[in-house]
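# Commentary on secondary and tertiary structure
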Amino acid sequence: MTTTTTVRQRPAAVILTPAAEARIAALMAKAPEGAIGVKLSTPRRGCSGLAYSVDYVSEANAFDERIETPGGTFFIDGGSVLYLVGSTMDWVEDDFTAGFVFNNPNAKGSCGCGESFTV
């Protein structure tokens, strides 16, 4: 008797909209030398406790999630994944602001200015 094991690809922790992927591509097009991708993390900051931070990364960490996009590699900090699972990341530009916007089903609250969130 032979058993066949099929490995199912795990869904990404964060869903990137086409606008977010395009912004990652634009960031990688002008990335500093040595940058291998863009990384999302949730450092402790702000009134509510956690904030979203997007930075260039020059070294891959074995515990980070990795999402391949058409414009480059997008990393999610391994310590932040549990706070972000199921989130959608979008890039929004209007006459007054431009930035990444997160729809995070894990967030239980946020500060008044929208700088930080709590889970």
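Before reading further, recall that the structure is shown in the block above.
These numbers were taken from a predicted model, which means no experiment stands behind them. (Residues numbered from 1 in each chain as written. Predicted model: local features only at pLDDT ≥ 70, side-chain atom pairs only at ≥ 80, totals over all residues. Heavy atoms only, no water.)

## Here we look at the sheet that holds strand 1 (residues 14–16)
The mixed open sheet is built from three strands, whose spatial order is 1-8-9. Only two strands of the sheet have a single partner each, and these edge strands are strand 1 and strand 9 (98–103). Each neighbouring strand pair of the sheet contributes to a mean axis angle of 30°, computed without reference to strand direction. Relative to strand 8 (residues 87–93), helix 1 (residues 18–29) is tilted by about 70°, and along the sheet it contacts strand 1, strand 8 and strand 9. (Pairing = 2+ DSSP bridges. Helix = DSSP H or I, 4+ residues; strand = E, 2+ residues; numbered from the N terminus. Axes fitted to C-alpha atoms, helices over the stretch in contact; angles between N-to-C directions. Contact = heavy atoms within 4.5 Å.)

## Considering the sheet that holds strand 6 (residues 65–69)
The sheet built from four strands is open, its strands ordered 5-2-7-6 with mixed pairing. In the strand order of this sheet, the two ends are held by strand 5 (53–57) and strand 6, each with one partner. Taken pair by pair, the neighbouring strands of this sheet meet at an average axis angle of 25°, ignoring direction. Contacting strand 2 (37–41), strand 5, strand 6 and strand 7 (72–76), helix 1 runs over the sheet at an angle of about 125° to strand 2.

## Comments concerning the nonpolar core
Ranked by size, the top nonpolar core spans 18 residues in total, and within it Val14, Leu16, Leu40, Phe74, Ile76, Met89 and Phe100 carry the most contacts. Those elements that place two or more of their residues in this core are strand 1, helix 1, strand 2, strand 7, helix 2 (81–84), strand 8 and strand 9. Here the element with the most residues in this core is helix 1; it accounts for four residues. (Core = buried A, V, L, I, M, F, W, Y, C linked by side-chain atoms within 4.5 Å. Buried < 20%, exposed > 50% of the residue type's maximum accessible area, 1.4 Å probe, protein only.)

## Topic: helix 1
Helix length check: helix 1, at twelve residues, gives a terminal C-alpha distance of 16 Å against a target of 16 Å (1.5 Å per residue), a fit within 8%. Among the residues of helix 1, Ala20, Ile24, Leu27 and Met28 are the ones counted as buried. The buried residues of helix 1 occupy one face: seen down the axis, they fall within an arc of 95°. Away from the buried face of helix 1 by more than 90 degrees, exposed residues Pro18 and Ala29 are located. (Expected span 1.5 Å × (residues − 1). Arc of directions from axis to C-beta.)

## Things to note about the pattern of salt bridges
Here the structure, examined in full by the defined rule, presents two salt bridges. For aspartate 64, the salt bridge goes to lysine 39, with nearest N and O atoms at 2.9 Å. Here aspartate 64 is found in the loop between strand 5 and strand 6, whereas its partner lysine 39 is found in strand 2, with 25 residues between them in sequence. Per residue, the accessibility class of aspartate 64 equals that of lysine 39, and both read buried. In this structure, lysine 39 engages aspartate 77 in a salt bridge whose closest nitrogen and oxygen atoms are separated by 3.8 Å. In this pair, lysine 39 sits in strand 2 while aspartate 77 sits in the loop between strand 7 and helix 2, placing the two residues 38 residues apart along the sequence. Among the ionic contacts, a cluster of salt bridges with common partners joins Lys39, Asp64 and Asp77. (Salt bridge = Lys/Arg side-chain N within 4 Å of Asp/Glu carboxyl O.)

## Quick notes on the pairing of strand 7
With five of five residues buried, strand 7 is to be regarded as a mostly interior element. Two elements, strand 6 and strand 7, share five bridges in a ladder whose sense is antiparallel. Its bridge partner lying in strand 7, isoleucine 67 is registered against phenylalanine 74.

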